[in-house]
Amino acid sequence: MPLIVDRGADWFRSLGTEKSAGTKVVSVSGNVRRPGNYEIELGIPVRDIIYGLAGGLEPGRRVKCFFPGGSSAPVLPGTDENLDLPYDFDSMAKAGSMLGSGAIIVIDDAHSVVDVALWTAEFYRHESCGKCSPCREGTNWTVKMLDRINVGEATPMDIEVLAQMQANIIGNCLCVLGDSMAMPLGSMIEKFRPEFEDHMEAARQASEAEAAAGDLELTGSVEGAAA
Amino acid sequence: MSRPEEKFVSFDIDGREVRAPEGAMLVDGAKYGDVEIPVFCYEPKLGPPVGACRMCLVEIEGIPKLQTACSTPVKDGMVVITKSDRVQSAQNAVVEFLLVNHPLDCPVCDAGGECPLQDVAYGWGPGRSRFIEPKRHFKKPLELSPTVAIDRERCILCYRCVRYSQEIAEDHQLVLLERADHSFVGTHDGAPYVGPFSGNIIDLCPVGALTSVPYRFRARPWDVEEAGTVCTLCPSQCNVTLTVRDDNKVLRAFNRQNDEVDDGWLCDKGRFGYQTIHAADRVVHPMVRDGGTLRAVPWERALSEAVAGLRKAGAGTAALVGGEATNEEGFLLQRLLREVLGSSHVDSRPSGRLEGEHARVLARPDLSARVSDIDYADVVLVLDAEPVDEAAILDLRVRKAARRNGARVVVATSRPSSLDANAEAVVRFAPGASEAALAALGAALTGGAGLDDLARRAGAPAETVRAAASLLGAAESIVVLWGERLSHGARGPQGVAALLALMRSLDITGKEGSGLIEIPSSTNARGLREVGCLPNLGPGLVPTAGEGLAAADMPGAVGEDISALVLLQADPLRTHPDRQAWAAALDRATFVVAFTDFLGEGVLEQADVVFPAPSYAEKEGTITHPDGRLQRLRQSIGLVGEVRPQWGVLAELAAALEDKPVELLSSPMATEQMVAAVPFYAGVTLAEIGGRGVRWQDRDAASSLAAAELPDGALESPPELGDGLRLGTVLSLWTGKVTEHAPVLSFLAPQQRAELSADDARRLDLSPGDVVEVGFDGTRVRAVAALRDAVPPGSVFLVEGTRTDNATALTNGAPRTVEITRVPDAVAKGTSLPLAADAGAADASTSVAGSAEAPPA
């Protein structure tokens, strides 16, 4: 701020890109070695932020996906193409996400996207005030469904339902909290559907094996599904 | 604010051009084009929309996102689409979301068959469910109160009940607790939701989450029929629908919205009081006194005994008419007395005498406001009345005017009012000093001469009178809700004169949307007066040749000029001042005929002939609302037991006394005769009254009421206040048959309470809950002491009409000072009054709503 006062708006505008002028403080968190707040010139490649300023990932890990602008922004897969995108408002929007708050959350390939989806959904379920129906019931249903995928009681059809549910939440709520869950969740399913399916199938097989091996101990979730 | 003018705009909905009022929400505007947009949380009665349920999403051209039709006002040229795939998919989605946690237990749900959720799910839902996870669970059903059960699993969290409690009843008891999918409706501390209007949440609930305790599991919608009529349990005369089973049993009552009367609400007395109709101890046979006790007899015997007794008494017959009597019944009774028996001793007022000139001025169309004028008044003056106890639904109306339209409320009463919190000015005068308070207000409005002296006589601080007067003086429109009690007692005429003088100083007849609305002491008080049930005025408020005795003068005359008493749904031992005088009069009277539905003590001990009175659900006829609206009672069930129509019994008595055949064959004939006798009702037909009623002031015949001038003579000087503790008596919504004979309301039965200030309690060494005796000389009633902050020192208040310890034992219409003494604990324990642990608390309920258990994880 003192710099802007000192050097003037034109100087500030000379930084960044034409449509995203100036600088921005980004907050990098997640699987990076130097998480923290960095002031960047808008328009620098995402890669420079994650691998440069934030110190990159642990050795051997690669970026599975990242939230470019807070946990309510649709995730972008960690492809070279996405990592080379200039970090500015336009480019993020064009890529199907948003720059939002500037909080970049990096997820490496050691994590299952289903878990990321669950953490995100749980956060928004907790935050929902409960006033409007799509958000109150949608966040709750999403969490229950992801739980079910995790314990191996889902079918590929459920993933379709989950995806449709996110679409049903977006734009239909009283405020944007519901959208804030549905947008990243929707993007995760869209961009990582095979991983969802594999995760689900693996969980299903694990659960069957457990049932076959063990003394048929009925778990709470089976009872739950029956209820 | 003045009544807004309706301006229409045109907009396009689903390809059709529709004209709708400007500013109407799209949901309502769409109805002008026969387009239905589904809603759950939207209910215009609750005030501004909240857009919470998201059911009403529609597409509006030029706006990228779908919009809630409940909160988007119609604009000229707007293009709305309600049937696109996009809208349909959003509607399907919302229905699916709402059903996620709904148990779908429709087959065992009271709302099944009359449930908006069912209807909307059927009309706008996806038709299938994809939700297979566990639903949330709550302990259920719980008693939210003794009258309302709550099933939190069925709740779709539409917020209607909570908004109602917060913004309509303003009792602030119901809240949404917790958040997200574990939010639920409850009270702050799990206490029962008890209030005079709590039952409205049953009607508001769009699912089966809030159900009526007495109606639970009694019927399905296809087992019952609905019958529209009017509740006669208080002067509000709310329009109701009765749910009737097998043509003979009322199972439920709910509001039948009439914005000119009740604004779509109903108090709990009206909602649950129907239980009295089928009470086991109701009188359903004619009875005569035989060997000292009342015995059921055939009608012929009862009629012939009544005829013999009345014939003997002749002109020595006097009659009291209670507020539940219809216009026709009142008309026929006064005709029986005046034309057949030659007596003018008939009164429908409990106390005081209404001057003929005053009655005609008060009836002036330009001096009377309509109920809906309250909505748009600049100032609402509540004068010597407590609406919530005396005409309950008007309380909500005043709150609405203040909350939504910025009306400024002025309260001028003796007892602290429940509207004080909404008032901008409060004048608290001494009990019985309304005449002086009115004169003081008048003085403050006209320059202030004599104000200090008058305020002193009223026992009210002069500055409060000044503050109230300045609000009144600056108002462009004023509605005055005045309590009939200011016309009671020996100085009643002076009280009315002071009221009229105040109206003159306010130039109320020259102000648009302004006028008086009386809060009478009984339901059909206005109608009964207009059809001739006053000792000095016949039908049409016309002076009669001979003037009869007013109610207050009757007891003294029994044994001399009066030998027989007719009580038409009236119980002087309950409702009339000077209870001992009435008890003695009933004892002295040689012949007493009572038309009643329950045996009060006077009837039980003194009546010679008892005719069973039909309830409002069994009556056919008309009543007149305090604002002049003639309303129609429709018979909703068959007559219970041996009950006969009351108009018919009165006609039969008259015919028998005259040895003529009965000429009055039907209720409509009775209406026709009544209408013909009241010039300003001329030409009114039952068809014209219809289901919504008609104000006679709005008809041409109103001009036949001779224009009486507002008196402009100088007022008498009101009397000085006496020294000592002044007794005020008040009415309670909960005295009388509803709490004594409707089981579900019995928990509200009031016990006698002596409300006094903390100062007086300290001086008299009383604590809340002490059993005390209030009275003078040898006359005393027992009460539980209750401290109330806002009671001014020097006043004590008792309730009129309680089953025991009735305050009317201490009143005779004149201001009264009393003494209070504590009853020693040992003595008090042996009395009818239970020792209340905390008499300062709201009337205790017998049952407690548990707090919700957390849903399983």
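Residues numbered from 1 in each chain as written. Chains lettered and ligands numbered in written order. Predicted model: local features only at pLDDT ≥ 70, side-chain atom pairs only at ≥ 80, totals over all residues. Heavy atoms only, no water.

Brief notes about the overall build of chain A
Across its full length, chain A holds 10 helices and 5 strands. Overall, the C-alpha framework of chain A stretches about 75 × 45 × 25 Å when taken along its three principal axes. When each of the 227 residues of chain A is scored for burial, the buried share is 46%. A separation of at least 24 residues holds for 62% of the contacts in chain A among residues at least 6 apart in sequence. In the structure as shown, chain A presents an accessible area of about 10500 Å², 55% of it carried by carbon and sulfur atoms. Seen as two clouds, the 19 positive and the 33 negative side-chain charges of chain A have centres 5 Å apart. (Helix = DSSP H or I, 4+ residues; strand = E, 2+ residues; numbered from the N terminus. Buried < 20%, exposed > 50% of the residue type's maximum accessible area, 1.4 Å probe, protein only. Contact = heavy atoms within 4.5 Å. Areas by Shrake-Rupley, 256 points an atom, 1.4 Å probe, with all protein chains shown as cover. Lys, Arg positive; Asp, Glu negative; His and termini not counted. Charge placed at Lys NZ, Arg CZ, Asp CG, Glu CD.)

Regarding the overall build of chain B
In terms of helices and strands, chain B carries 27 helices and 36 strands. In terms of overall size, chain B behaves like a compact globule, its C-alpha atoms giving a radius of gyration of 28 Å where 857 residues would be expected to give roughly 29 Å. Its C-alpha atoms give chain B principal-axis dimensions of roughly 85 × 65 × 65 Å. Contacts spanning at least 24 positions in sequence make up 72% of the contacts within chain B whose residues lie at least 6 apart. (Rg over C-alpha atoms; globule rule 2.2 N^0.38 Å.)

Observations regarding the pattern of salt bridges
Residues and elements named next belong to chain B. Using the criterion set out here, one finds 80 salt bridges over all chains in the structure. One salt bridge in this structure joins R526 and E530, with 2.8 Å as the shortest N-O distance. Of the two residues, R526 and E530 both sit in helix 17 (residues 525-530), 4 residues apart, roughly one turn of that helix. As far as the burial class goes, R526 and E530 line up, both buried. Note that R763 and D760 form a salt bridge whose closest N and O atoms lie 3.1 Å from each other. A residue pair is termed a helical-turn pair when its members lie 3 or 4 positions apart in one helix, as R763 and D760 do in helix 26 (residues 758-763) at 3 residues. (Salt bridge = Lys/Arg side-chain N within 4 Å of Asp/Glu carboxyl O.)

Examining the domain arrangement of chain A
Residue and element names in this part refer to chain A. With domains assigned, chain A is organised as domain 1 (19-108) and domain 2 (113-211). Taking only C-alpha atoms into account, the centre of domain 1 sits 24 Å from that of domain 2. At the junction of the two partners, domain 1 supplies 13 residues and domain 2 supplies 13 residues. For the pair domain 1 and domain 2, the two sides together bury roughly 950 Å², of which 70% comes from carbon and sulfur. A salt bridge links E195 to K64; the nearest nitrogen and oxygen atoms lie 2.6 Å apart. (Domains from an automatic or database assignment. Buried area = accessible area lost by both parts, 1.4 Å probe.)

A look at the interface of chain A and chain B
Listed as interface residues are 31 residues of chain A and, on the opposing side, 31 residues of chain B. Interface area for chain A against chain B, summed over the two sides, is near 2700 Å², with a carbon-plus-sulfur share of 52%. Joining chain A to chain B, the criterion identifies 13 residue pairs in polar contact (both at pLDDT 80 or more). Elements represented by at least two residues in the side of chain A that touches chain B include exactly helix 6 (113-127), helix 7 (133-150), helix 8 (156-169) and helix 10 (220-226) of chain A. A total of 10 residues in the side of chain A that touches chain B trace back to one element, the largest contributor, which is helix 7 of chain A. (Polar contact = N/O pair within 3.5 Å; in protein donor to acceptor, adjacent residues only side chain to side chain.)

Describing the packing of helix 7 (residues 299-313) of chain B against helix 22 (residues 646-657) of chain B
Residue and element names in this part refer to chain B. Running from N to C, helix 7 and helix 22 cross one another at 55 degrees; their axes reach a closest spacing of 10 Å. Viewed along their axes, helix 7 and helix 22 adopt a mutual orientation that is oblique. At the point where helix 7 passes helix 22, the crossing takes the right-handed sense. When helix 7 is examined against helix 22, the residues W299, L303, A306, V307, L310 and R311 are found in contact with a partner set consisting of V649, E652, L653, A656 and L657. Across the contact of helix 7 with helix 22, the residue classes tally to 9 nonpolar, no polar and 2 charged. (Axes fitted to C-alpha atoms, helices over the stretch in contact; angles between N-to-C directions. Parallel < 35°, antiparallel > 145°, perpendicular 65-115°, else oblique. Left-handed = near helix turned anticlockwise from the far one by under 90°. Nonpolar A, V, L, I, M, F, W, Y, C, P; charged D, E, K, R; others polar.)

Here we look at the nonpolar core
Residues and elements named next belong to chain B. In terms of nonpolar packing, the biggest core is built from 105 residues, with F611 and Y681 touching the most fellow members. Looking at this core, the element that brings in the most residues is helix 13 (residues 434-445), giving 8 residues. With residues near it in sequence (within four places) discarded, F611 still touches W299, A302, L303, A306, V593, A594, F595, T596, V649 and L653. Ranked by size, the runner-up nonpolar core spans 75 residues in total, among them V94, F197, L210 and V738. (Core = buried A, V, L, I, M, F, W, Y, C linked by side-chain atoms within 4.5 Å.)

Re the environment of B:V771
Residue and element names in this part refer to chain B. With respect to the helices, strands and loops of the structure, V771 is situated in strand 33 (residues 771-776). On the basis of relative accessible area, V771 is assigned to the buried category, the value being 2%. Separated by 465 residues in the primary sequence, V771 and A306 have C-alpha atoms spaced 44 Å apart.

Topic: the pairing of strand 34 (residues 779-787) of chain B
All names here are of chain B. Relative to strand 34, strand 32 (residues 753-756) runs parallel, the two sharing 4 bridges. Counterpart to R753 in the pairing with strand 34 is V784. With 6 bridges connecting them, strand 33 and strand 34 associate as antiparallel partners. Bridge assignment links V771 to a residue of strand 34, and that residue is V784. (Pairing = 2+ DSSP bridges.)

Re helix 23 (residues 667-677) of chain B
Residues and elements named next belong to chain B. Within helix 23 the residues assigned to the buried category are S667, A670, T671, M674 and V675. Buried residues of helix 23, viewed axially, fall in a sector of 130 degrees; they line one side. Among the exposed residues of helix 23, those oriented more than 90 degrees off its buried face are E672 and A676. Looking at the buried residues of helix 23, the elements they touch are helix 8 (327-341), strand 28 (621-624), helix 22 and helix 24 (686-689). (Arc of directions from axis to C-beta.)

Some words on the side chain of B:K619
Residue and element names in this part refer to chain B. Along the polypeptide, K619 turns up in the loop between strand 27 (609-612) and strand 28. A distance of 2.9 Å separates the side chain of K619 from the backbone oxygen of E324, its partner in a polar contact. Side-chain polar atoms of K619 contact the side chain of E329, separated by 2.9 Å. Contact partners of K619, with chain neighbours within four places excluded, come to E324, A325, T326, E329, Q569, P614, L633, R634, Q635 and Q646.

Let's talk about the packing of aromatic side chains
The description of two aromatic rings rests on the distance between their centres and on the angle between their planes. Enumeration according to the criterion identifies 11 aromatic pairs over all chains in this entry. When the centroid spacing of 5.9 Å and the interplanar angle of 80 degrees are considered together, the rings of B:F8 and B:Y32 count as edge-to-face. Note that B:F8 is positioned in strand 1 (residues 8-13) and B:Y32 in the loop between helix 1 (26-31) and strand 3 (57-60), a separation of 24 residues in sequence. On the basis of relative accessibility, which here comes to 32%, the residue B:F8 falls in the partly exposed class. Its relative accessible area of 44% is what places B:Y32 among the partly exposed residues. A centroid spacing of 5.1 Å and a plane angle of 50 degrees characterise the contact between B:Y164 and B:W265, whose relative ring orientation is tilted. Separated by 101 residues along the polypeptide, B:Y164 in helix 4 (residues 160-168) and B:W265 in the loop between strand 13 (249-255) and helix 6 (268-272) bring together distant segments of the chain. Among the aromatic residues, ring-to-ring pairing joins A:W141, B:F97 and B:F131 into one connected group. The ring of A:W11 has A:R7 sitting right over it, with the charged end atom 5.0 Å from the ring centre. Against the face of B:W265 rests B:K45, its NZ or CZ located 4.4 Å from the ring centre. (Phe/Tyr/Trp six-rings, centres within 6.5 Å; stacked < 30°, edge-to-face > 60°. Lys NZ or Arg CZ within 6 Å of the ring centre and 35° of its normal.)

What to know about the sheet that holds strand 11 (residues 224-230) of chain B
All names here are of chain B. Within the open sheet, the 3 strands sit side by side as 11-12-13. Their pairing is antiparallel. Two strands in the sheet have a free side with no partner beyond their single neighbour: strand 11 and strand 13. Mean inter-strand twist for the sheet, computed between neighbouring axes without regard to direction, equals 30 degrees.

Some points on the confidence of the model for chain B
All names here are of chain B. Overall, the prediction assigns chain B a mean pLDDT of 94, with 96% of residues at 70 or greater. Residue range residues 832-857 is modelled with pLDDT below 50. Its contacts to residues more than four positions away, or to other chains, number 56 contacts. Predicted complex, confidence summary: ipTM 0.91, pTM 0.92. (pLDDT = per-residue confidence, 0-100.)

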